[in-house]
Amino acid sequence: MKAVALSRESAPALRDVHLPPPLPPQGRDLLIRVEAVSVNPVDGKQRAATDPATLEVPRVLGWDASGVVEAIGEEASLFASGDEVYYAGDVTRPGCNAQYHWVDERLVARKPTTLDFAEAAALPLTTLTAWELLFQRMPLQLDDRRHAGQRLLVIGGAGGVGSMAIQLARHAGFEVIATASRESSSNWCRQMGAQHVVDHSQPLRPQLQALGVDTVQVALNLADTDHYWDELGQLLAPQGHVGLIVEPRGALRIGDPYKAKCIGIHWEFMFARSRFATADCIEQHRILSRAASMLDAGQLRGTLSETLGTINAANLEIAHQRLASGRTLGKLALAGWDD
Ligand SMILES: NC(=O)c1ccc[n+]([C@@H]2O[C@H](COP(=O)([O-])OP(=O)(O)OC[C@H]3O[C@@H](n4cnc5c(N)ncnc54)[C@H](OP(=O)(O)O)[C@@H]3O)[C@@H](O)[C@H]2O)c1
């Protein structure tokens, strides 16, 4: 089967490779025929952490896919051959930049029927991250606009995670303020539903005060944990919550004002469930299933901004470079395989 991988010979470049045909899936695994993939910063981080000299076999990256179930393991019960699915998968296993891929069915859901494969592949990793952070790590509720009258700040609103966080927070009833540093990213945040956009290249507090906002109940820092730490400590309301997804470069001072205000500090790591094989990893199947229903009902919209051609090493290299610029809008995907 075709795949794109890092190999000892090609390092550090990505390379088009032929891998042995896939073996039948075991246990709760599905064998997926991959139709589209999207890229995430985790690809670059895994790539940087891989020493090609140590690779016995090529290393396939990629943790966002859509495709068709080809075969199911003997213990799998949620899917049948032919189902169209989408998923992020497990970073401790080979990635999805391959024509065929094994994934545990508990991490997979049927893809939204109204989206094509590229649009669907753009969603799983970032949707799981935003959803788990908001509604499973933080004590927030998705339904019934429970948070009407409360404000939520999304730092890095136009990124992959931010694009879905804005939409989910709006669905929950929050007044959403996003940050973006450019006109195009500011417009993108508004398309995703942000009511206000402020510029993260400038101090945030004066810009919020100009909007008549002194405090926010919730802040999601989706970009730079250290850089915004002190400012968010000032901006958050007493008994508010801050959500973090990016590893800090240094130590964070979690005392005052965080302690004085009793601010909840919440970490999200989308791969924690699969990495530690937690008993509740089927939650990712449930989240992606619910998100697919919401997408099909028009309650959420897709976040794909561009499809960069078929899945091959040259196109994935372009996608990785574009993402590494830190200036993409929404998500980049690749779809189909060259003949
Ligand atoms: N813990 C987890 O489970 C998890 C999951 C997914 C992602 N992540 C991490 O979360 C981060 C965001 O991921 P992503 O997929 O959303 O990234 P992304 O799509 O690459 O984010 C791009 C956006 O980031 C904004 N941005 C760049 N530098 C910024 C800064 N200093 N302050 C605020 N915004 C900034 C840009 O906005 P402008 O162009 O307007 O400047 C751009 O629109 C990455 O570090 C990623 O590794 C963690």
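Look up a bit, the structure's there.
Residues numbered from 1 in each chain as written. Predicted model: local features only at pLDDT ≥ 70, side-chain atom pairs only at ≥ 80, totals over all residues. Heavy atoms only, no water.

Chemist: Tell me about the overall build of the protein, residues and numbers included.
Modeler: Counting its secondary structure elements, the protein contains ten helices and 16 strands. Taking 2.2 N^0.38 as the reference for a compact globule, 339 residues should give roughly 20 Å; the C-alpha atoms of the protein span a radius of gyration of 20 Å, in line with that estimate. When the backbone C-alpha atoms are referred to their principal axes, the protein occupies close to 60 × 40 × 35 Å. Of the contacts formed within the protein by residues at least 6 apart in sequence, a portion of 70% connects residues at least 24 apart. (Helix = DSSP H or I, 4+ residues; strand = E, 2+ residues; numbered from the N terminus. Rg over C-alpha atoms; globule rule 2.2 N^0.38 Å. Contact = heavy atoms within 4.5 Å.)

Chemist: Give a description of the environment of Glu231 that names residues and reports values.
Modeler: With respect to the helices, strands and loops of the structure, Glu231 is situated in helix α7 (residues 229-235). Spatially, the C-alpha atom of Glu231 lies 45 Å from that of Ile32, the residues being 199 residues apart in sequence. Look past the residues within four positions of Glu231 in its chain and what remains in contact with it is Pro203, Leu204 and Arg205.

Chemist: How would you summarise the layout of surface pockets if you had to cite specific residues and measurements?
Modeler: Approximately 1300 Å³ is the volume found for the largest pocket. At the level of secondary structure, the elements contributing two or more residues to the lining of the largest pocket comprise α1 (41-49), α3 (124-137), α4 (160-171) and α10 (313-324). Among the elements that line the lining of the largest pocket, the one with the most residues is α1, at six residues. Taken together, the residues that form the lining of the largest pocket break down as 19 nonpolar, 19 polar and seven charged. Here the second largest pocket is characterised by a volume of approximately 330 Å³. Forming the boundary of the second largest pocket are 19 residues, of which Met1, Leu19, Val60, Pro94 and Trp102 lie nearest the centre. Mapped by element, the contributors of at least two residues to the lining of the second largest pocket are β4 (59-60) and β7 (100-104). Counting residues per element, the lining of the second largest pocket draws most heavily on β7, at three residues. Here the residues of the lining of the second largest pocket sort into 14 nonpolar, three polar and two charged. (1 Å grid on protein atoms, 1.4 Å probe; cavity = no way out; pocket = protein on both sides within 12 Å on 5 of 7 lines; lining within 4 Å. Points joined across faces, edges and corners; volume = space filled by probe spheres on them. Nonpolar A, V, L, I, M, F, W, Y, C, P; charged D, E, K, R; others polar.)

Chemist: Quick rundown of the pattern of salt bridges? Include the residues and the values.
Modeler: Pairing between side chains becomes possible if they bear opposite charge and their charged atoms approach one another. Tallied over the entire structure, the rule returns 20 salt bridges. When the shortest N-O distance is used, the salt bridge between Asp104 and Arg106 registers 2.7 Å. You can call Asp104 buried: its relative accessible area is 15%. The salt bridge partner of Glu132 is Arg137, with a shortest N-O separation of 3.5 Å. According to the relative accessible area criterion, Arg137 is partly exposed, its value standing at 27%. Within this structure, Glu132, Arg137, Glu268, Arg273 and Asp280 form a network of salt bridges that share partners. (Salt bridge = Lys/Arg side-chain N within 4 Å of Asp/Glu carboxyl O. Buried < 20%, exposed > 50% of the residue type's maximum accessible area, 1.4 Å probe, protein only.)

Chemist: Please provide a residue-by-residue account of the site of the ligand, values included.
Modeler: Around the ligand there are 27 residues in total, and Lys45, Ser181, Ser185, Tyr228 and Met270 lie nearest to it. Between an oxygen atom of the ligand and a main-chain N or O atom of Val161, the distance comes to 3.0 Å. Between an oxygen atom of the ligand and a side-chain N or O atom of Ser185, the distance comes to 2.6 Å. Protein coverage of the free-state accessible area of the ligand, which is 930 Å², stands at 84%. Put simply, the ligand lies in the largest pocket. Breaking the shell around the ligand down by element, the ones donating at least two residues are α1, α3 and α4. Grouping the constituent residues of the shell around the ligand by class yields 14 nonpolar, nine polar and four charged. (Near = heavy atom within 4 Å. Polar contact = N/O pair within 3.5 Å; in protein donor to acceptor, adjacent residues only side chain to side chain. Areas by Shrake-Rupley, 256 points an atom, 1.4 Å probe, with all protein chains shown as cover. Sits in = over half its atoms within 2 Å of the grid points.)

Chemist: Kindly report on the environment of Gln207, identifying the contributing residues and their values.
Modeler: Tracing the backbone through its elements, the reader meets Gln207 in helix α6 (residues 204-210). Beyond its immediate sequence surroundings of up to four residues, Gln207 is in contact with Val198, Asp199 and Gln202. A polar contact is formed between the side chain of Gln207 and the backbone oxygen of Gln202, at a distance of 3.4 Å.

Chemist: Break down the environment of Asp43 for me, citing the residues and quoting the values.
Modeler: For Asp43, the position within the fold is in helix α1. Sequence spacing of Asp43 and Leu252 is 209 residues, and the spatial spacing of their C-alpha atoms is 26 Å.

Chemist: Provide a residue-level description of empty space enclosed by the protein, including the pertinent values.
Modeler: One pass over the full model with this rule turns up one cavity of 30 Å³ or more. Considering only enclosed or pocket space, the largest cavity measures out at about 40 Å³ in volume. Lining the largest cavity, in full, are Gly89, Asp90, Arg93, Pro94, His101, Trp102, Val103, Asp104 and Leu107. By residue class, the composition of the lining of the largest cavity is four nonpolar, two polar and three charged.

Chemist: Talk me through the side chain of Ser66; I want residue IDs and the actual numbers.
Modeler: With respect to the secondary-structure elements, Ser66 resides in strand β5 (residues 65-72). Excluding residues that lie within four positions of it along the chain, Ser66 makes contacts with Arg33, Val34, Glu35, Ala36, Val85, Tyr86, Phe117, Ala120 and Ala121.

Chemist: Report on the pairing of strand β10 (residues 175-179), specifying residues and quantitative values.
Modeler: Within β10, four of the five residues are buried, which leaves the element mostly enclosed by the surrounding structure. As defined by bridge partners, strand β9 (residues 151-155) adjoins β10 across four bridges and the pair is classed as parallel. Within β10, the position partnered with Leu152 by the bridge is Val176. For the handedness criterion, the β-α-β arrangement of β9, α4 and β10 is classed as right-handed. Bridge count between β10 and strand β11 (residues 196-198): three bridges; the pairing is parallel. (Pairing = 2+ DSSP bridges. Right-handed = clockwise from strand over helix to strand, strands pointing away.)

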